[in-house]
Amino acid sequence: MNALLEDLKARGLVAQTTADEELHEHLSSGCQTLYCGFDPTADSLHIGSLVPLLTLKRFQDAGHKPLALVGGATGLIGDPSFKAAERKLNTDDVVENWVNKIRTQVSAFIEFGDKENSAEVVNNLDWISKMDAISFLRDVGKHFSVNAMIQKESVKQRIDREGAGISFTEFSYMLLQSYDYAALNKMNGCSLQIGGSDQWGNITGGIDLTRRMNQEKVFGLTLPLVTKADGTKFGKTESGTIWLDATKTSPYAFYQFWITTLDADVYKFLRYFTFLSVEEIEAIEAKDKEIKGRPEGQAILAREVTRIVHGEEGLASSERITEALFSGDLSALSESDLAQLAQDGLPTTEVVESEKSLVELLTSCELAKSNKMAREFIKNGAVSINGEKASDSEMVLQKSDALFGKYTVIKRGKRLFNLYIWK
RNA sequence: GGAGGGGUUCCCGAGUGGCCAAAGGGAGCAGAUUGUAAAUCUGCCGCGAAAGCUUCGGUGGUUCGAAUCCACCCCCCUCCA
């Protein structure tokens, strides 16, 4: 039995594996090379990629060599797996730009150097772009049966479902990803591919192709799709996707995302997203069960994950804001506390006028999408100014009323804040 | 290339000339309750203070009036070649 694999299973991180017993042996017989692909579909990865990224690190910590593959080539094609509709193609330079950003991002999660198990980042454009159409069709395509490909669950809905469809471009995606595996096996001796459970079809395709092209037996392991107990989609909030890039989702917003994790999910997420041991997590859970009232799991989860993604500083600033906004009296904050909040990344809006209506203040930032919504929020009693509930929808705020003649903190709903700085 | 079916507000999906800013569901948001949970209940859910304005793939047209009819175009699906 391999300890790493046992730990992954205990964490619920193993959805499927190929040749389970042999994989145990394989991982127990020294440093193995594994890879996981990340396709550039935006200028940043989001928390959906966190599980595979952390899993690469788990393998590295156990002595294996992780390769992070950035899909410079596959990103130009688009993975159809479990996607309801054909996707728009992005241009070369857009994808290239994204590749560079994601390469940097991915690199933060694994360790580089000159050790046997030091990580590497590879780009499949390096080998796929060298291949010509004839070789692709003869050397790769010949190994695939269309009959088998259309049976794959990952493209079924696109083939069976009335109104959907799949282009040859996207249908070919599986061949490219499969070829990646064979190529990495040949070049780097890579013998394990990991990925989300939606990648099962692509991974097994790669395993088959590697056997046929290189006569090598390689393995696959998929990670579970992260789901929430209430059935809603993981990783989205009102303000959209939770990105790993601090300029797209602030460390504070990131921290808040984890704080609001459902009780029913929090211990599972601790297993998935932190490096705390399974025993430690079980102890937290047991303790939370004893005390009634607010559990500690969410805070620990938020702290651990924010630290992993945004470092100690990002965590510290997130905690400062959270502390100030949620457990204190806003009017008790000092001028320097308020300045610090702005510094820490609390959403901030500058006000140049010397007076402005509450409705306008709300719509000038993310707090309200339209005047109508702003009035609705005020009417419902959802808005408070410096901790005081606002009830007059036609209210006008003066600069002179601001805290220290400069700051106004407006809250909408239970947990959305904006700091206004009067100039 | 031929024949047929389809593109509706975030998603699914109803709507075939006025009663349609457009049923229903989901998601989302807000209030009460609470723990910055869950469950439940209530309200909101195109813009506008209102008059009204903009929206049902695109562009034109018919009509007093169009998401609904016509023409052309774009995109998707199915079958045939």
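Residues numbered from 1 in each chain as written. Chains lettered and ligands numbered in written order. Predicted model: local features only at pLDDT ≥ 70, side-chain atom pairs only at ≥ 80, totals over all residues. Heavy atoms only, no water.

Defined as follows: UniProt positions are given in the numbering used here, feature names are shortened, and annotations may be inferred rather than shown by experiment.
In the nomenclature of an unreviewed UniProt entry, chain A is known as Tyrosine--tRNA ligase of Psychromonas marina. The UniProt entry for chain A carries this comment under Subunit (unreviewed entry): "Homodimer." Under the Function (unreviewed entry) heading, UniProt states for chain A: "Catalyzes the attachment of tyrosine to tRNA(Tyr) in a two-step reaction: tyrosine is first activated by ATP to form Tyr-AMP and then transferred to the acceptor end of tRNA(Tyr)."

1. Quick look at the domain arrangement of chain A
Here is the rule: Source of the domain bounds: an automatic or database domain assignment.
Examined at the domain level, chain A breaks down into domain 1 (3-223), domain 2 (236-327) and domain 3 (337-422). Centre-to-centre separation of domain 1 and domain 3, based on C-alpha positions: 46 Å.

2. Details of the UniProt feature "binding site: ATP" (unreviewed entry) in chain A
Worth spelling out the cut-off: Each helix is a run of DSSP H or I of at least 4 residues and each strand a run of E of at least 2, with the numbering of both proceeding from the N terminus. The cut-offs for exposure are 20% and 50% of the maximum accessible area for each residue type, with area from a 1.4 Å probe on protein chains only; residues under the lower value are buried, those over the upper are exposed, and the others partly exposed. Should any heavy atoms of two residues lie within 4.5 Å, those residues are considered in contact.
The positions UniProt marks with the feature "binding site: ATP" (unreviewed entry) are K236. Considering the arrangement of structural elements, one finds K236 in strand 7 (residues 236-237). Residue class for K236 comes out partly exposed when judged on its relative accessible area of 42%. With residues near it in sequence (within four places) discarded, K236 still touches T241 and F257.

3. Things to note about the sheet that holds strand 4 (residues 120-123)
Consider a sheet: its strands pair through backbone hydrogen bonds, and that pairing is either parallel or antiparallel. Rule in force here: In short, DSSP must find at least two bridges between two strands for them to pair. Convention adopted: a line fitted to C-alpha atoms gives each axis, helices being fitted over their contacting stretch, and angles between N-to-C directions are expressed from 0 to 180 degrees.
The mixed open sheet is built from 6 strands, whose spatial order is 1-6-5-2-3-4. On the outer flanks of this sheet lie strand 1 (16-17) and strand 4, each paired with one strand and no other. As defined by bridge partners, strand 2 (residues 33-38) adjoins strand 3 (residues 65-70) across 6 bridges and the pair is classed as parallel. Following the sheet pairing, C36 is matched in strand 3 by A68. Taken strand by strand, helix 3 (residues 50-61) contacts strand 2, strand 3, strand 5 (190-196) and strand 6 (219-223), and its axis lies near 165 degrees from that of strand 2.

4. Side note on the protein's contact with RNA strand B
Definition in use: A molecule or strand has a residue near it when one of that residue's heavy atoms lies within 4 Å. Here a polar contact is recorded for every N or O atom pair within 3.5 Å, except that within protein the pair must consist of a potential hydrogen donor and a potential acceptor, and residues adjacent in sequence are included only if both atoms are side-chain atoms. Polarity classes work like this: nonpolar for Ala, Val, Leu, Ile, Met, Phe, Trp, Tyr, Cys and Pro, charged for Asp, Glu, Lys and Arg, and polar for all others, with Gly in that last group.
Around RNA strand B, the structure places 31 residues, and the nearest of them are A164, D263, T322, K414 and R415. Taking all atoms of RNA strand B within 4 Å of the protein, the share assigned to sugar and phosphate is 68%. Contact distances for RNA strand B include 2.6 Å between a base nitrogen and a side-chain N or O atom of D263. For RNA strand B, a phosphate oxygen lies 3.3 Å from a polar atom in the side chain of S370. Where the surface near RNA strand B is concerned, the elements lending two or more residues are helix 13 (251-259), helix 16 (297-327) and helix 19 (371-379). Looking at the surface near RNA strand B element by element, the count peaks at 5 residues for helix 19. Of the residues belonging to the surface near RNA strand B, the class tally is 8 nonpolar, 13 polar and 10 charged.

5. Some points on the packing of aromatic side chains
Geometry of an aromatic ring pair is reported as the spacing of the ring centres plus the angle between the planes. Keep this limit in mind: Working definition: rings of Phe, Tyr and Trp (its six-membered ring) pair if their centres are within 6.5 Å, and the pair is stacked with planes under 30 degrees apart, edge-to-face with planes over 60 apart, and tilted otherwise. Sitting over a ring, as applied to charges here, requires NZ of Lys or CZ of Arg to be within 6 Å of the ring centre and within 35 degrees of the ring normal.
Taken as a whole and judged by the stated rule, the model has 13 aromatic pairs. Note on W258 and F269: the rings are 6.3 Å apart at their centroids and 85 degrees apart in plane angle, and the pair reads as edge-to-face. Taken together, the residues W258 in helix 13 and F269 in helix 14 (residues 263-273) connect sequence positions 11 residues apart. For W258, a relative accessible area of 0% puts it in the buried group. For K248, the ring lying beneath its charged end belongs to W243, and the centroid distance is 4.4 Å.

6. What about helix 15 (residues 278-290)?
This is how it is decided: Multiply 1.5 Å by the residue count of a helix minus one, and that product is the helix's expected span. Here the arc refers to the set of directions running from the helix axis out to each C-beta atom.
The terminal C-alpha atoms of helix 15, which comprises 13 residues, lie 19 Å apart, in line with the 18 Å expected from a rise of 1.5 Å per residue. For helix 15, the full list of buried residues reads V278, I281, I284 and D288. For helix 15, the arc enclosing every buried residue in end-on projection is 120 degrees, short of the 170-degree limit, so these residues lie on one face. Exposed positions of helix 15 whose direction lies more than 90 degrees from the buried face are E279 and E290. Against helix 1 (3-10), helix 14 and helix 16 lie the buried residues of helix 15.

7. Quick notes on the UniProt feature "short sequence motif: 'HIGH' region" (unreviewed entry) in chain A
UniProt records the feature "short sequence motif: 'HIGH' region" (unreviewed entry) for residues 40-49 in the present numbering. Along residues 40-49, the helical share is 0% and the strand share 0%, with 11 Å between the first and last C-alpha atoms.

8. Let's talk about the pattern of salt bridges
Once the charged atoms of two side chains with opposite charge are near each other, the side chains can pair. Rules: Here, a salt bridge means any side-chain nitrogen of Lys or Arg that lies within 4 Å of a carboxyl oxygen of Asp or Glu.
Scanning the model with the defined rule gives 19 salt bridges in all. Residue R303 pairs with E319 through a salt bridge whose shortest N-O separation is 3.6 Å. The class of R303 is partly exposed, set by a relative accessible area of 29%. In this structure E319 comes out as partly exposed when scored by relative accessible area, which is 30%. For E394, the salt bridge identified is with R375, shortest N-O distance 3.3 Å. Separated by 19 residues along the polypeptide, E394 in the loop between strand 12 (388-389) and strand 13 (396-398) and R375 in helix 19 bring together distant segments of the chain. Here R375 falls in the partly exposed class, since its relative accessible area comes to 34%. Connected through salt bridges with shared partners, the residues K57, D61 and E111 form a single ionic network.

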